[in-house]
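So the chains spell out like this:
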Amino acid sequence: MQIILNGLIVGSAYALMGIGFSLIYSTVRYFNLAYGMVAVIGAYVAYTLMNSWSLNYVIAMLAGALVAVLIGMLSSSILFKPMVRRGGSSLVILVASFGLLIILQNISALIWQNTTRALSISDRILPGYNLFGLIITPNQLMIGAVALLMMLILELFLKKTRYGMAIRAIGDNQELTKVLGLKTEQIILAVYVIGTFISAISATLIALEIGIRPTHGVTLVIKAIIAAIIGGLGSIRGALLGGLLLGVAENLGIYFLGGQWQDTVAFTLLAVFLLVRPEGLFAKKRLVSVN
Amino acid sequence: MNLLEAQQLSVSYGQNKVVHEVNFHVKDGEIVILMGPNGAGKSTVLRALFGLVPHTHGEVELNGKRLHPRPHKMVEGGVSFVPQGNTIFSNMSIEENLLMGAFHEEEQLKVEERLEEVFQFFPMLARKRQQSAFAMSGGERQILALARALMTSPRLLMLDEPSIGLAPKIVQEVFDKIKEINQVFGTAVVVVEHNLKTLLQIAHRGYILVAGKIMLEGPVEKLRDSDVLEKAFFGELG
Amino acid sequence: MDYLLHIAILSSIYSLAVLGQNYASGYTGLISINHGAFMGIGAYAGAILLKWYGVPFPVAFLAAGAATGLAAWLLSFPLLKLKGDSFVLVSFGFSFIAFNLFLNWRGLTNGALGLKAIPGPELVNLLDNTKIIFLAILLALILITLWGLHKILQSSYGVVIRATRENQKVTQIAGHCTDSYRRSVFVLSGVITGIAGLFLASYISTIDPTLFNYHLSVLLLIMAILGGLASLKGSIAGATLLIVLPELLRFLGLPNSILAESQQISYGLILILLMYYRPVGLFGTYKI
């Protein structure tokens, strides 16, 4: 049971990551593999702020997220938007985003080295809380609480505000929003900002459990994609479920098979879903294929 | 003064010229049809008028003012466009679909008022207002698209093949609704269509387009009586 | 001189691997990020037999090809059901899974410690300079592969493969079982790349799992795209360029501490520039 709780906690962070990815994907319709790396850079910045300037965790996390948003916006306007305008297929953009991922990953390695950086909400070792016989550490509590809060805010924003409705509309039928005279480019940029912000928060949360390494950029975007695909691309609720499922499956895998098989479990889950139910749990949009 | 007017409108896709110096106009309160065989360029003309595709030659005037058509400019100028086929937001409720139609209107009170007006005009939509549009049939979607287009209280409706993929009985319903809109709200309508029989019943004026050129234009009686129509569809022209 | 031979050998090994990659990706449109894993399978299969069982090199050669061919065959069943972006993702996933297998199946692969002192082909001992013969064998292999692939692609079989790449539905309607065509291409591409892996293992004589992680798969794809998808000579050009380039970086006098990262950054830049300006690559004919 403890394993499942641990899985749910880390899964909620995966879910947040997947939600951000799903949100961006449903408006731009290409896979941006650098998504996870930009998020991890946000976590690195938070780490640096905490260690060098003794900022508290939440403030550092927000500051790091802002830096990530900046990088995300730059990459969108300098690389992705021009490529879309030149008529690049989603596959070409995917490969280019991989190039960006490699560059960012290695720059991070140069700045922060390849060692794993540990992150915690406080300097002292705090005792865990007891919840119905299960232990939950303060770090875990932070992850779960912030992830839940962000998802709630996002859900309210999308469902109850006018702008949120426009964002949902673009993800639903972009052609039609153009016909209605909406400023689609502006809204897409806003989505990029929101998605990147969420991803950086998520990466900083996950860092509480697994630390920060340059290679996490790749692993996190893969987890985000897995969560988003399992839940059904374009569905926020789906990404939530997908993330939780992934977190629990991974932790069960670690317990029964050992930590080394973690990635294998994740990818096998992905493969199973792509083969058996490619539209995900809450089918909204089919995975847009290039062929 | 014409509501919308185009002079010498030409459209090319790359080297391929698909619309040749078309002169077109629609007056307040008119129902005008653009007809012709497949590939005649009817949809292209409509889309060029609304600014969804760029025109390579010619001028467009809205309300007497020259402009370079762009969707948001046209919407602000009182024109609503219903594209072919995929015309609604499937993952949103009926009410949200309508609200999206009025998106550029900032004043929420006006939007809500208009929403109720539109619902009164389309009672079958009002009954399911909170339901998702996902499960709607083709005909229902077309009606929803029409209702959505009305949310801006437009002076001109542009419809691109509204009857496509619909059963004949539903097509009749859709065209009846279009006629009702024209009579009740005084909205002008430009329709691109294939399905002529029903359309000829409700339209005032029409254009016959073949291979990007206007073969004949005039009041509907004139078109019906001429043999140009038949010839156009049997490929004897152009 | 020795250094030049070294570069030539590495270029040849990777050229062979990229020929395999391009055969699948360029000519058949299977944009796979798993050929690094195939190299690993060929490398480990051959290395294990050579080192622990002392088999003659030709036997290891066949075994490497067979093992990778089998792996490719098995992988093709789930993989070929997918299209476009999802194909790429699962193929990428396979390279992760393969890496984990290399790392954790310690009984077979010796895990992170890797395998050392892997012998090479017996022929190389004919001359004092073993490198020359090694290179000669590789070049002969490349020529044979070039000739073979060229013949295949010119045949009616090759026409169907390319048709499948352009429009799978239409090709199916024309009566061809596109799945079996694609499967056979995927398997052959795996065999070629696996054999290249064997030669890599023999040449550097020490292998460990980190050689064959997703970075290698990405590198092979970049080489294929750089040289040009659907171009045989492009495969060789792309591989050679990307082997030579990091060596040039070394000559720039970059400190060793940042060398590895700089190489990777240059790969990333090349990839972006390629995709932005010339997705067909240098000699390519297929644009993704």
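Each value, and the rule that gives it
Starting afresh in each chain, residues are numbered from 1 along the sequence in its written order. Naming scheme: in the order in which they are written, chains are lettered from A and ligands are numbered from 1. Given that the model is predicted, a residue must reach a pLDDT of at least 70 before its local features are reported, and side-chain atom pairs must reach 80 or more before they are shown or counted; all residues, however, enter totals for whole chains, interfaces and linings. In computing side-chain values, all of the structure's heavy atoms are included and hydrogens and water are not. Segments assigned H or I by DSSP are reported as helices when at least four residues long, segments assigned E as strands when at least two residues long, and all are numbered from the N terminus. All radius of gyration figures rest on C-alpha atoms, and the globule criterion is 2.2 Å times the number of residues raised to 0.38. Contact between two residues is taken to exist if any of their heavy atoms lie within 4.5 Å; hydrogens are not considered. Each of two parts loses accessible area, computed with a 1.4 Å probe, when they are put together; buried area is these two losses added. Counted as salt bridges are all cases of a side-chain nitrogen of Lys or Arg within 4 Å of a carboxyl oxygen of Asp or Glu. As used in this structure description, the phrase polar contact means that two N or O atoms lie within 3.5 Å; if the pair is within protein, one of them must be able to donate a hydrogen and the other to accept it, and residues adjacent in sequence are counted only when both atoms belong to side chains. When residue character is reported, Ala, Val, Leu, Ile, Met, Phe, Trp, Tyr, Cys and Pro are called nonpolar, Asp, Glu, Lys and Arg charged, and the others, Gly included, polar. Each patch is built from salt-bridge-free residues with over 30% relative accessible area, joining like charges within 9 Å and nonpolar side chains (Val, Leu, Ile, Met, Phe, Trp, Tyr) within 5 Å. Per-residue and other accessible areas follow the Shrake-Rupley method at a 1.4 Å probe size, with only the shown protein chains counted as cover for residues. Relative accessible area decides the class of each residue, using a 1.4 Å probe on protein chains only: under 20% of the type maximum gives buried, over 50% gives exposed, and in between gives partly exposed. When DSSP finds two or more bridges between two strands, those strands count as paired. Convention adopted: a line fitted to C-alpha atoms gives each axis, helices being fitted over their contacting stretch, and angles between N-to-C directions are expressed from 0 to 180 degrees. Multiplying 1.5 Å by the residue count of a helix minus one yields the expected span of that helix. Nonpolar core, defined: a set of buried Ala, Val, Leu, Ile, Met, Phe, Trp, Tyr and Cys residues in which side-chain atoms within 4.5 Å join the residues together. Just so you know how the angles are binned, under 35 degrees is roughly parallel, over 145 roughly antiparallel, 65 to 115 roughly perpendicular, and the rest oblique. Should the near helix be turned anticlockwise from the far one by less than a right angle, the crossing is left-handed, and should it be turned clockwise, the crossing is right-handed.

Participant: So what exactly am I meant to see when it comes to the overall build of chain C here?
Facilitator: Helix and strand counts for chain C come out as 12 helices and zero strands. When the helices and strands of chain C are placed in sequence order, the string is α-α-α-α-α-α-α-α-α-α-α-α. Taken over C-alpha atoms, the radius of gyration comes to 18 Å for chain C, in line with the 19 Å a tight globule of 288 residues would show. By its C-alpha atoms, chain C is 55 × 45 × 35 Å across when sized along the principal axes.

Participant: Is there a simple way to explain the interface of chain A and chain B in this structure?
Facilitator: Taken residue by residue, the interface counts 17 residues in chain A and 24 residues in chain B. The junction of chain A with chain B conceals about 1,800 Å² of combined surface from both sides, 62% of it contributed by carbon and sulfur atoms. As a salt-bridge pair, Arg168(A) and Glu96(B) come within 2.6 Å of each other at their nearest N and O atoms. Connecting chain A to chain B are five residue pairs in polar contact (both at pLDDT 80 or more). Counting residues per element, the ones that place at least two in the side of chain A that touches chain B are helix H6 (162-172) and helix H7 (174-179) of chain A. The element contributing the most residues to the side of chain A that touches chain B is H6(A), with six residues. In terms of residue class, the side of chain A that touches chain B is built from seven nonpolar, three polar and seven charged.

Participant: Would you mind showing me how to read a nonpolar patch on the surface here?
Facilitator: All names here are of chain A. Residues Met1, Ile4, Leu8, Leu252, Tyr255, Phe256 and Leu257 make up a contiguous nonpolar surface patch of roughly 750 Å² in combined accessible area. Of all elements in the fold, only helix H1 (2-28) and helix H10 (236-257) reach the threshold of two or more residues within the nonpolar patch. With respect to the secondary-structure elements, Tyr255 resides in helix H10. Classification of Tyr255 as exposed rests on a relative accessible area of 56%.

Participant: Just checking my understanding: could you explain the pairing of strand E9 (residues 205-210) of chain B for this structure?
Facilitator: The two faces of a sheet get side chains in turn, since along a regular strand they alternate between them. Residues and elements named next belong to chain B. Of all six residues making up E9, six are buried, and the element is well covered by its neighbours. Neither face of E9 is left uncovered, since the one carrying Arg205, Tyr207 and Leu209 and the one carrying Gly206, Ile208 and Val210 both have all their residues buried. Where strand E3 (residues 31-35) meets E9, four bridges bridge the pair, whose relative direction is parallel. Residue Leu34 lies in a different strand from E9, and its bridge partner there is Tyr207. By the bridge criterion, six bridges tie E9 to strand E10 (residues 213-219) in an arrangement that is antiparallel. Bridge pairing in E10 links Ile208 to Leu216. Hairpin connection from E9 to E10: two residues lie between these consecutive antiparallel strands, with Ala211 at a positive phi of about 45°.

Participant: Which parts of the structure should I look at to understand the arrangement of the chains?
Facilitator: Contact analysis covers two pairs of chains in contact, and the most contacts occur between chains A and C. At their nearest point, the C-alpha atoms of chain B and chain C are still 21 Å apart, with no contact between the two.

Participant: Any chance you could explain the sheet that holds strand E5 (residues 65-67) of chain B here in plain terms?
Facilitator: Sheets are built from strands that pair by backbone hydrogen bonding, the pairs being arranged parallel or antiparallel. All names here are of chain B. Spatial ordering of the open sheet is given by E2-E1-E4-E5, a layout of four strands whose pairing is antiparallel. Of all the strands in the sheet, just strand E2 (16-26) and E5 have a single pairing partner and so form its edges. Taken pair by pair, the neighbouring strands of this sheet meet at an average axis angle of 30°, ignoring direction. Direction of pairing for strand E4 (residues 57-62) relative to E5: antiparallel, over a ladder of three bridges. When the bridges of E5 are listed, Glu61 appears paired with Arg66. Along the sheet, helix H1 (residues 42-50) makes contact with strand E1 (4-13), E2 and E4, crossing E1 at roughly 115°.

Participant: How do you make sense of the interface of chain C and chain A when you look at a structure like this?
Facilitator: Where the parts come together, the accessible area they lose is often given as the size of the interface. Listed by partner, the interface residues are 36 residues for chain C and 43 residues for chain A. For the chain C and chain A pair, buried surface summed over both sides reaches about 3,600 Å², with 76% attributable to carbon and sulfur atoms. Considering only the surface of chain C that becomes buried against chain A, Asp85(C), Leu89(C) and Tyr276(C) emerge as the three largest contributors, covering 20% of it. In this assembly, chain C and chain A are joined by zero salt bridges. Counting the contacts that link chain C with chain A gives two residue pairs in polar contact (both at pLDDT 80 or more). Secondary structure elements with two or more residues in the side of chain C that touches chain A: helix H4 (84-104), helix H10 (214-227) and helix H12 (256-277) of chain C. Ranked by residues supplied to the side of chain C that touches chain A, first place goes to H4(C) with 13 residues. Tallied by class, residues from the side of chain C that touches chain A come to 23 nonpolar, eight polar and five charged.

Participant: Just to check I follow, could you spell out helix H9 (residues 178-204) of chain C for this structure?
Facilitator: Along an α-helix, residues three or four positions apart point the same way, because every turn accommodates 3.6 residues. Residues and elements named next belong to chain C. Helix length check: H9 (27 residues) gives 39 Å between terminal C-alpha atoms against 39 Å at 1.5 Å per residue, within 8%. In terms of burial, H9 is largely enclosed, as 21 of its 27 residues are buried. The first or second residue beyond H9 is Ser205, which carries a positive phi of 55°.

Participant: Would you take a moment to explain the nonpolar core for this structure?
Facilitator: Membership of the largest hydrophobic core comes to 287 residues, with the highest contact counts inside it found for Leu205(A), Phe24(B), Met100(B), Phe122(B) and Tyr14(C). Of the residues forming this core, the biggest block, 14 residues, is contributed by H1(A). Apart from residues lying up to four places away in sequence, Leu205(A) is in contact with Leu16(A), Tyr57(A), Met61(A), Met142(A), Ile143(A), Val146(A) and Ala147(A).

Participant: Help me understand the pattern of salt bridges, please; the structure alone is not making it clear to me.
Facilitator: A complete count under the given rule lists 20 salt bridges over all chains for this structure. With a closest N to O distance of 3.0 Å, Glu140(B) and Lys128(B) form a salt bridge. Of this pair, Glu140(B) sits in helix H6 (residues 138-150) while Lys128(B) sits in the loop between helix H5 (123-127) and H6, and the two are 12 residues apart along the sequence. For Lys128(B), a relative accessible area of 22% translates into the label partly exposed. A cluster of three or more residues bridged by salt bridges with shared partners is formed by Glu155(A), Lys159(A) and Arg237(A).

Participant: It is not clear to me how H10(A) should be interpreted in this structure. Could you clarify?
Facilitator: Residues and elements named next belong to chain A. With 22 residues, H10 ought to run about 32 Å at 1.5 Å a step, and its terminal C-alpha atoms sit 31 Å apart, in line with that. Looking at H10, one finds that the buried residues are Ile236, Gly238, Ala239, Gly242, Gly243, Leu246, Gly247, Val248, Glu250, Asn251 and Gly253. Among the structural elements, H1, helix H5 (138-160), helix H9 (216-231) and helix H11 (262-276) are those in contact with the buried residues of H10. Of the residues flanking the end of H10, it is Gly258, one or two places downstream, whose phi is positive at about 105°.

Participant: Please explain the packing of helix H4 (residues 90-112) of chain A against H10(C) as it appears in this structure.
Facilitator: In a pair of packed helices, the angle between the axes and the distance between the axes together describe the arrangement. Where H4(A) contacts H10(C), the two axes come as close as 12 Å, and the packing angle between them is 130°. Compared by their axis directions, H4(A) and H10(C) come out oblique. Note on packing geometry: the crossing formed by H4(A) with H10(C) is left-handed. Facing H4(A), whose interface residues are Val95(A), Phe98(A), Ile102(A) and Gln105(A), H10(C) presents Tyr214(C), His215(C), Val218(C) and Ile225(C). Class assignment for the residues of the contact of H4(A) with H10(C) results in six nonpolar, two polar and no charged.

Participant: How should I be thinking about unusual backbone geometry in this particular structure?
Facilitator: As a rule of thumb, non-glycine residues mostly have phi less than zero, and peptide bonds are mostly trans rather than cis. Within the chain, Glu21(B) stands out as a residue other than glycine whose phi angle is a positive 40°. Position of Glu21(B) relative to the elements: it lies in strand E2. Positive phi is not limited to glycine here, since Ser205(C) has a value of about 55°. Turning to its location among the elements, Ser205(C) is positioned in the loop between H9 and H10.

Participant: Would you explain the sheet that holds E3(B) in this entry?
Facilitator: Residue and element names in this part refer to chain B. Strands sit in the order E6-E7-E8-E3-E9-E10 across an open sheet of six strands; the sheet is mixed. Lying at the two open borders of the sheet, with one neighbouring strand each, are strand E6 (79-82) and E10. Sheet twist, expressed as the mean angle between neighbouring strand axes with direction ignored, is 15°. By the bridge criterion, five bridges tie E3 to strand E8 (residues 188-193) in an arrangement that is parallel. Pairing of Leu34 across the sheet is with Val192, part of E8. With respect to the sheet, H1 is in contact with E3, E6, strand E7 (156-160), E8 and E9, its orientation differing from that of E7 by roughly 145°. Taken strand by strand, helix H7 (residues 168-185) contacts E3, E7 and E8, and its axis lies near 155° from that of E8.

By themselves, these figures tell us nothing about what the structure is for.
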